[in-house]
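Structure at a glance
Residues per chain, in single letters:
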Amino acid sequence: MLKPRGLTHGHYECRALDETLPVFTDLLAMRVVERSKTEASVEHPNTEWRLVIHEGGPDAPDKPHNNHYGVRVARAEEVDAAHAYLEANKARYGLKRVSPPRSQHFARSVYFEEPGGNTLEIEHYDAQAAAEGRTIAKPHWNRELKEHDFPGRGYVPQALTHGTLECDDKEASAAFYSGVLGLQIAGGGRLSVYIKHRATPWYLVVLPIKRRKKFLSPANRFTLTLGSPAEIEDAHAELRSVKGVTEVQPLQRRGGLASFLFADLNRNWWEATSS
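For every chain, the first residue of the written sequence is number 1, and numbering continues from 1 along that sequence. The predicted origin of the model limits local features to residues at a pLDDT of at least 70 and limits the giving and counting of side-chain atom pairs to 80 or more, whereas totals for whole chains, interfaces and linings rest on all residues. Side-chain numbers here rest on the full set of heavy atoms in the structure, without hydrogens or water.

Right, let's talk about helix α5 (residues 170–179) for a bit. The rule is simple: take the accessible area with a 1.4 Å probe, protein chains only, and divide by the maximum for that residue type; under 20% is buried, over 50% is exposed, in between is partly exposed. Here a strand is any run of E in DSSP of at least two residues, a helix any run of H or I of at least four, and the numbering for each starts at the N terminus. Every buried residue of α5 is listed here: Lys-170, Ser-173, Ala-174, Phe-176 and Tyr-177. Looking down the long axis of α5, one finds its buried residues gathered within 165° of arc, a one-sided arrangement. Tucked into the core, α5 has its buried residues touching β10 (159–167), β11 (184–188), β12 (193–196), β13 (203–208) and β18 (269–274). In the analysis that follows, any N or O atom pair within 3.5 Å is treated as a polar contact, provided that within protein one partner can donate a hydrogen and the other can accept it, and provided that, for residues neighboring in sequence, both atoms belong to side chains. Where α5 begins, the capping side chain belongs to Asp-169, and its oxygen is found 3.2 Å from the backbone nitrogen of Glu-171. Within this analysis, the arc is defined by the directions that extend from the helix axis to the C-beta atoms. In what follows, a contact means two residues having at least one pair of non-hydrogen atoms within 4.5 Å.

What follows is the structure, encoded as C-alpha coordinates:
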(Lines give C-alpha, C1' and ligand atoms only; values in the text may rest on other atoms or scores of the structure.)
Protein backbone atom coordinates (compact mmCIF):
# COMPACT_ATOMS: atom_id res chain seq x y z
CA MET A 1 0.00 0.00 0.00
CA LEU A 2 1.18 3.51 -0.80
CA LYS A 3 1.67 5.88 2.12
CA PRO A 4 1.06 9.31 0.60
CA ARG A 5 1.78 12.44 2.55
CA GLY A 6 -1.05 14.14 0.75
CA LEU A 7 -3.56 14.32 -2.07
CA THR A 8 -1.93 17.51 -3.24
CA HIS A 9 -3.04 18.37 -6.78
CA GLY A 10 -5.83 17.89 -9.23
CA HIS A 11 -5.14 18.15 -12.97
CA TYR A 12 -7.62 19.53 -15.47
CA GLU A 13 -7.52 19.81 -19.26
CA CYS A 14 -9.05 22.83 -20.97
CA ARG A 15 -8.91 24.15 -24.52
CA ALA A 16 -7.38 27.59 -23.98
CA LEU A 17 -5.96 29.00 -20.75
CA ASP A 18 -7.03 32.52 -21.68
CA GLU A 19 -10.66 31.34 -21.81
CA THR A 20 -10.67 29.08 -18.74
CA LEU A 21 -8.55 30.96 -16.20
CA PRO A 22 -11.00 33.92 -15.90
CA VAL A 23 -13.71 31.40 -14.98
CA PHE A 24 -11.64 30.29 -11.99
CA THR A 25 -10.50 33.75 -10.92
CA ASP A 26 -13.67 35.77 -11.61
CA LEU A 27 -16.36 33.17 -10.85
CA LEU A 28 -14.76 30.83 -8.27
CA ALA A 29 -12.53 33.21 -6.25
CA MET A 30 -9.33 31.36 -7.13
CA ARG A 31 -5.97 32.86 -7.98
CA VAL A 32 -3.28 31.96 -10.49
CA VAL A 33 -0.09 31.04 -8.62
CA GLU A 34 2.00 29.75 -11.55
CA ARG A 35 1.69 30.01 -15.30
CA SER A 36 3.59 28.95 -18.39
CA LYS A 37 2.55 28.99 -22.04
CA THR A 38 0.41 25.82 -21.82
CA GLU A 39 -0.06 25.22 -18.08
CA ALA A 40 -1.24 27.13 -15.04
CA SER A 41 -1.75 26.34 -11.37
CA VAL A 42 -4.64 27.88 -9.45
CA GLU A 43 -5.63 27.68 -5.81
CA HIS A 44 -8.31 29.03 -3.52
CA PRO A 45 -7.05 31.17 -0.60
CA ASN A 46 -8.73 28.77 1.87
CA THR A 47 -7.47 25.56 0.23
CA GLU A 48 -3.91 24.25 -0.09
CA TRP A 49 -5.04 21.77 -2.76
CA ARG A 50 -3.84 23.10 -6.13
CA LEU A 51 -5.49 22.59 -9.47
CA VAL A 52 -3.11 22.36 -12.43
CA ILE A 53 -4.82 23.41 -15.67
CA HIS A 54 -3.38 22.08 -18.92
CA GLU A 55 -4.11 23.72 -22.26
CA GLY A 56 -5.15 20.95 -24.65
CA GLY A 57 -5.97 23.01 -27.73
CA PRO A 58 -9.24 23.43 -29.65
CA ASP A 59 -9.72 19.68 -30.10
CA ALA A 60 -9.65 18.87 -26.37
CA PRO A 61 -12.84 16.88 -25.76
CA ASP A 62 -15.76 17.68 -23.52
CA LYS A 63 -15.40 15.86 -20.20
CA PRO A 64 -18.20 13.85 -18.55
CA HIS A 65 -20.38 15.75 -16.08
CA ASN A 66 -19.30 13.27 -13.38
CA ASN A 67 -15.68 14.39 -13.70
CA HIS A 68 -15.95 17.89 -12.27
CA TYR A 69 -14.61 20.08 -9.46
CA GLY A 70 -16.67 22.01 -6.94
CA VAL A 71 -16.43 24.98 -4.60
CA ARG A 72 -18.62 25.65 -1.57
CA VAL A 73 -20.45 28.72 -0.33
CA ALA A 74 -21.47 29.37 3.27
CA ARG A 75 -25.22 29.98 2.75
CA ALA A 76 -27.89 28.31 0.66
CA GLU A 77 -29.19 31.55 -0.84
CA GLU A 78 -25.75 32.13 -2.35
CA VAL A 79 -26.31 29.21 -4.71
CA ASP A 80 -29.32 31.04 -6.18
CA ALA A 81 -27.32 34.26 -6.36
CA ALA A 82 -24.54 32.37 -8.14
CA HIS A 83 -27.04 31.00 -10.65
CA ALA A 84 -28.32 34.51 -11.38
CA TYR A 85 -24.78 35.89 -11.79
CA LEU A 86 -23.70 33.03 -14.05
CA GLU A 87 -26.75 33.44 -16.25
CA ALA A 88 -26.22 37.20 -16.50
CA ASN A 89 -22.56 36.71 -17.46
CA LYS A 90 -22.92 33.60 -19.59
CA ALA A 91 -21.79 35.28 -22.81
CA ARG A 92 -18.99 37.24 -21.14
CA TYR A 93 -17.29 34.04 -19.93
CA GLY A 94 -18.32 31.76 -22.78
CA LEU A 95 -20.32 29.45 -20.54
CA LYS A 96 -22.01 26.66 -22.49
CA ARG A 97 -24.63 25.68 -19.92
CA VAL A 98 -25.88 26.87 -16.55
CA SER A 99 -28.22 24.47 -14.77
CA PRO A 100 -31.05 25.59 -12.48
CA PRO A 101 -30.20 25.22 -8.76
CA ARG A 102 -31.25 21.89 -7.30
CA SER A 103 -31.27 20.33 -3.85
CA GLN A 104 -30.52 16.76 -2.81
CA HIS A 105 -28.88 14.95 0.11
CA PHE A 106 -28.63 18.12 2.27
CA ALA A 107 -26.85 19.98 -0.57
CA ARG A 108 -27.96 22.69 -2.97
CA SER A 109 -25.93 23.17 -6.14
CA VAL A 110 -25.65 24.94 -9.45
CA TYR A 111 -23.59 23.38 -12.26
CA PHE A 112 -22.16 25.15 -15.26
CA GLU A 113 -19.94 24.26 -18.21
CA GLU A 114 -16.94 26.45 -18.97
CA PRO A 115 -15.58 26.97 -22.52
CA GLY A 116 -12.81 24.42 -22.00
CA GLY A 117 -15.31 21.55 -21.98
CA ASN A 118 -15.54 20.96 -18.22
CA THR A 119 -18.37 21.12 -15.70
CA LEU A 120 -17.92 23.05 -12.45
CA GLU A 121 -20.14 23.16 -9.34
CA ILE A 122 -21.00 25.78 -6.73
CA GLU A 123 -22.64 24.10 -3.74
CA HIS A 124 -23.88 24.63 -0.21
CA TYR A 125 -24.24 21.97 2.47
CA ASP A 126 -26.93 22.29 5.12
CA ALA A 127 -25.55 22.15 8.68
CA GLN A 128 -27.81 19.15 9.31
CA ALA A 129 -25.57 17.06 7.05
CA ALA A 130 -22.59 17.46 9.37
CA ALA A 131 -24.83 17.00 12.42
CA GLU A 132 -25.88 13.61 11.06
CA GLY A 133 -22.29 12.50 10.60
CA ARG A 134 -21.44 13.53 7.03
CA THR A 135 -17.95 14.78 7.82
CA ILE A 136 -17.24 16.10 4.34
CA ALA A 137 -20.08 18.61 4.89
CA LYS A 138 -18.21 20.45 7.65
CA PRO A 139 -16.77 23.85 6.66
CA HIS A 140 -13.45 23.48 4.85
CA TRP A 141 -12.24 26.90 5.97
CA ASN A 142 -11.00 28.46 9.20
CA ARG A 143 -11.65 32.03 8.09
CA GLU A 144 -14.83 32.80 6.23
CA LEU A 145 -14.28 35.14 3.31
CA LYS A 146 -16.60 38.14 3.25
CA GLU A 147 -18.42 39.93 0.46
CA HIS A 148 -15.68 42.54 0.22
CA ASP A 149 -13.19 39.74 -0.58
CA PHE A 150 -15.22 38.81 -3.68
CA PRO A 151 -17.53 41.77 -4.31
CA GLY A 152 -20.40 42.28 -6.71
CA ARG A 153 -21.50 38.68 -7.31
CA GLY A 154 -23.87 37.97 -4.42
CA TYR A 155 -21.96 34.82 -3.49
CA VAL A 156 -18.50 34.04 -2.09
CA PRO A 157 -16.81 30.68 -2.76
CA GLN A 158 -15.20 29.66 0.54
CA ALA A 159 -13.07 26.70 -0.58
CA LEU A 160 -12.28 24.31 -3.39
CA THR A 161 -13.80 21.27 -1.72
CA HIS A 162 -13.95 18.31 -4.09
CA GLY A 163 -13.41 16.60 -7.38
CA THR A 164 -15.33 13.68 -8.84
CA LEU A 165 -14.46 10.41 -10.57
CA GLU A 166 -16.48 7.87 -12.49
CA CYS A 167 -16.04 4.20 -11.64
CA ASP A 168 -17.35 0.85 -12.79
CA ASP A 169 -17.88 -0.75 -9.36
CA LYS A 170 -18.21 1.25 -6.15
CA GLU A 171 -17.13 -1.45 -3.71
CA ALA A 172 -14.12 -2.57 -5.76
CA SER A 173 -13.09 1.07 -6.20
CA ALA A 174 -13.34 1.81 -2.47
CA ALA A 175 -11.19 -1.23 -1.72
CA PHE A 176 -8.58 -0.15 -4.26
CA TYR A 177 -8.39 3.50 -3.22
CA SER A 178 -8.05 2.60 0.46
CA GLY A 179 -6.08 -0.64 0.23
CA VAL A 180 -3.69 0.27 -2.60
CA LEU A 181 -3.49 4.08 -2.70
CA GLY A 182 -3.67 4.56 1.08
CA LEU A 183 -6.58 7.00 0.99
CA GLN A 184 -9.33 7.25 3.59
CA ILE A 185 -12.95 6.33 2.99
CA ALA A 186 -14.82 9.40 4.25
CA GLY A 187 -18.40 8.26 3.84
CA GLY A 188 -20.76 7.99 0.92
CA GLY A 189 -23.96 6.10 0.45
CA ARG A 190 -25.90 3.95 -1.94
CA LEU A 191 -24.81 5.97 -4.97
CA SER A 192 -21.24 7.05 -4.19
CA VAL A 193 -18.19 6.79 -1.96
CA TYR A 194 -16.00 9.67 -0.77
CA ILE A 195 -12.22 9.30 -0.62
CA LYS A 196 -9.65 11.72 0.81
CA HIS A 197 -6.30 11.96 2.51
CA ARG A 198 -6.79 11.75 6.25
CA ALA A 199 -4.79 14.95 6.90
CA THR A 200 -6.87 17.29 4.71
CA PRO A 201 -10.57 18.05 4.18
CA TRP A 202 -10.85 18.04 0.37
CA TYR A 203 -12.22 14.84 -1.12
CA LEU A 204 -13.15 12.97 -4.28
CA VAL A 205 -16.66 11.71 -4.98
CA VAL A 206 -16.46 8.32 -6.71
CA LEU A 207 -19.62 7.59 -8.71
CA PRO A 208 -20.49 4.25 -10.34
CA ILE A 209 -21.66 4.77 -13.92
CA LYS A 210 -23.09 2.01 -16.10
CA ARG A 211 -21.82 1.75 -19.67
CA ARG A 212 -19.23 4.50 -19.39
CA LYS A 213 -18.58 6.10 -22.78
CA LYS A 214 -15.80 8.62 -22.15
CA PHE A 215 -12.47 8.02 -20.47
CA LEU A 216 -10.09 10.76 -19.43
CA SER A 217 -6.55 11.29 -20.66
CA PRO A 218 -3.56 11.53 -18.27
CA ALA A 219 -3.95 15.32 -18.41
CA ASN A 220 -6.92 14.79 -16.08
CA ARG A 221 -5.42 13.16 -13.02
CA PHE A 222 -4.87 13.44 -9.28
CA THR A 223 -1.46 13.71 -7.61
CA LEU A 224 -0.40 11.75 -4.56
CA THR A 225 2.77 13.10 -2.95
CA LEU A 226 5.05 10.60 -1.22
CA GLY A 227 7.93 11.31 1.10
CA SER A 228 11.02 10.70 -1.04
CA PRO A 229 12.30 9.59 -4.45
CA ALA A 230 13.09 6.20 -2.91
CA GLU A 231 9.43 5.78 -1.96
CA ILE A 232 8.45 6.65 -5.52
CA GLU A 233 10.81 4.03 -6.90
CA ASP A 234 9.36 1.42 -4.53
CA ALA A 235 5.81 2.42 -5.48
CA HIS A 236 6.63 2.22 -9.18
CA ALA A 237 7.92 -1.33 -8.78
CA GLU A 238 5.03 -2.37 -6.54
CA LEU A 239 2.17 -1.02 -8.64
CA ARG A 240 3.32 -2.86 -11.76
CA SER A 241 2.22 -6.10 -10.11
CA VAL A 242 -0.88 -4.90 -8.24
CA LYS A 243 -4.28 -6.15 -9.37
CA GLY A 244 -6.42 -3.23 -10.49
CA VAL A 245 -3.57 -1.12 -11.87
CA THR A 246 -4.18 -1.14 -15.62
CA GLU A 247 -1.11 0.84 -16.77
CA VAL A 248 2.10 2.16 -15.24
CA GLN A 249 4.16 4.66 -17.22
CA PRO A 250 7.96 4.94 -16.96
CA LEU A 251 9.57 6.54 -13.94
CA GLN A 252 10.65 10.15 -14.48
CA ARG A 253 13.46 11.90 -12.57
CA ARG A 254 14.05 15.64 -12.63
CA GLY A 255 15.77 18.04 -10.27
CA GLY A 256 16.09 15.53 -7.46
CA LEU A 257 12.42 14.54 -7.67
CA ALA A 258 10.83 11.39 -9.04
CA SER A 259 7.35 10.75 -10.41
CA PHE A 260 5.28 8.47 -12.60
CA LEU A 261 1.73 8.18 -13.91
CA PHE A 262 -0.53 5.16 -13.57
CA ALA A 263 -4.10 4.21 -14.39
CA ASP A 264 -6.39 2.49 -11.91
CA LEU A 265 -9.04 -0.19 -12.28
CA ASN A 266 -11.49 2.38 -13.66
CA ARG A 267 -8.98 3.72 -16.19
CA ASN A 268 -8.70 6.94 -14.21
CA TRP A 269 -5.22 8.48 -14.05
CA TRP A 270 -3.05 9.23 -11.04
CA GLU A 271 0.40 10.68 -10.50
CA ALA A 272 2.77 9.63 -7.72
CA THR A 273 5.48 12.20 -7.02
CA SER A 274 8.09 12.86 -4.34
CA SER A 275 8.06 15.88 -2.06
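Turning our eyes to something else, we now look at the pairing of β11. Whether two strands pair depends on DSSP finding at least two bridges between them. Sheet analysis places β11 next to β12, joined by 3 bridges and oriented antiparallel. If you follow Ile-185 over to β12, its bridge partner there is Ile-195. What sits between the antiparallel neighbours β11 and β12 is a turn of 4 residues.

For the rest of this paragraph, the subject is the side chain of Ser-41. Residue placement: Ser-41 occurs in strand β3 (residues 39–43). Its relative accessible area of 6% is what places Ser-41 among the buried residues. Those residues within four positions of Ser-41 in sequence are excluded, and the remaining contacts are Arg-31, Val-32, Val-33, Glu-34, Leu-51 and Val-52.

Two rings belonging to Phe, Tyr or Trp (six-membered ring only in the last case) form a pair when the distance between their centres is within 6.5 Å. Interplanar angles under 30 degrees mark stacking, angles over 60 mark edge-to-face geometry, and anything in between is tilted. Considering all chains together, one arrives at 12 aromatic pairs under this definition. Seen in terms of ring centroids, Tyr-85 and Tyr-155 are 6.1 Å apart; in terms of plane orientation they differ by 65°. Their pairing is edge-to-face. Residue Tyr-85 is found in helix α2 (residues 76–88), and its partner Tyr-155 is found in the loop between α4 (127–131) and β10; the two are separated by 70 residues along the sequence. Residue Tyr-85 is classed as buried on the basis of its relative accessible area of 16%. Residue Tyr-155 is classed as buried on the basis of its relative accessible area of 1%. By the ring-pair criterion, three or more aromatic residues cluster together here, those being Tyr-12, Phe-24, Trp-49, Tyr-69, Phe-176, Tyr-177, Trp-202, Phe-222 and Trp-270.

Right, let's get into the nonpolar core. What is meant by a nonpolar core is a set of buried Ala, Val, Leu, Ile, Met, Phe, Trp, Tyr and Cys residues, joined one to another through side-chain atoms within 4.5 Å. Counting 62 residues, the largest nonpolar core has Leu-27, Phe-112, Ile-122, Leu-181 and Trp-270 as its most contacted members. Counting 10 residues, the second-largest nonpolar core is a separate cluster that includes Tyr-125, Tyr-194, Tyr-203 and Val-205.

Any Lys or Arg side-chain nitrogen located within 4 Å of an Asp or Glu carboxyl oxygen qualifies as a salt bridge. The tally for this structure, following the rule as stated, stands at 16 salt bridges. Note that Asp-168 and Arg-212 form a salt bridge whose closest N and O atoms lie 3.2 Å from each other. Of this pair, Asp-168 sits in the loop between β10 and α5 while Arg-212 sits in the loop between β13 and β14 (221–226), and the two are 44 residues apart along the sequence. Using a relative accessible area of 11% as the deciding quantity, one classes Arg-212 as buried. Through salt bridges that share partners, Arg-31, Glu-34, Glu-43 and Arg-50 make up one connected network.

Structurally, Phe-215 can be placed in the loop between β13 and β14. For Phe-215, a relative accessible area of 34% gives the class partly exposed. Distance in space between the C-alpha atoms of Phe-215 and Arg-97 is 21 Å, their sequence separation being 118 residues. In this structure, Phe-215 is in contact with Asn-266 and Arg-267, ignoring residues within four places of it in sequence.

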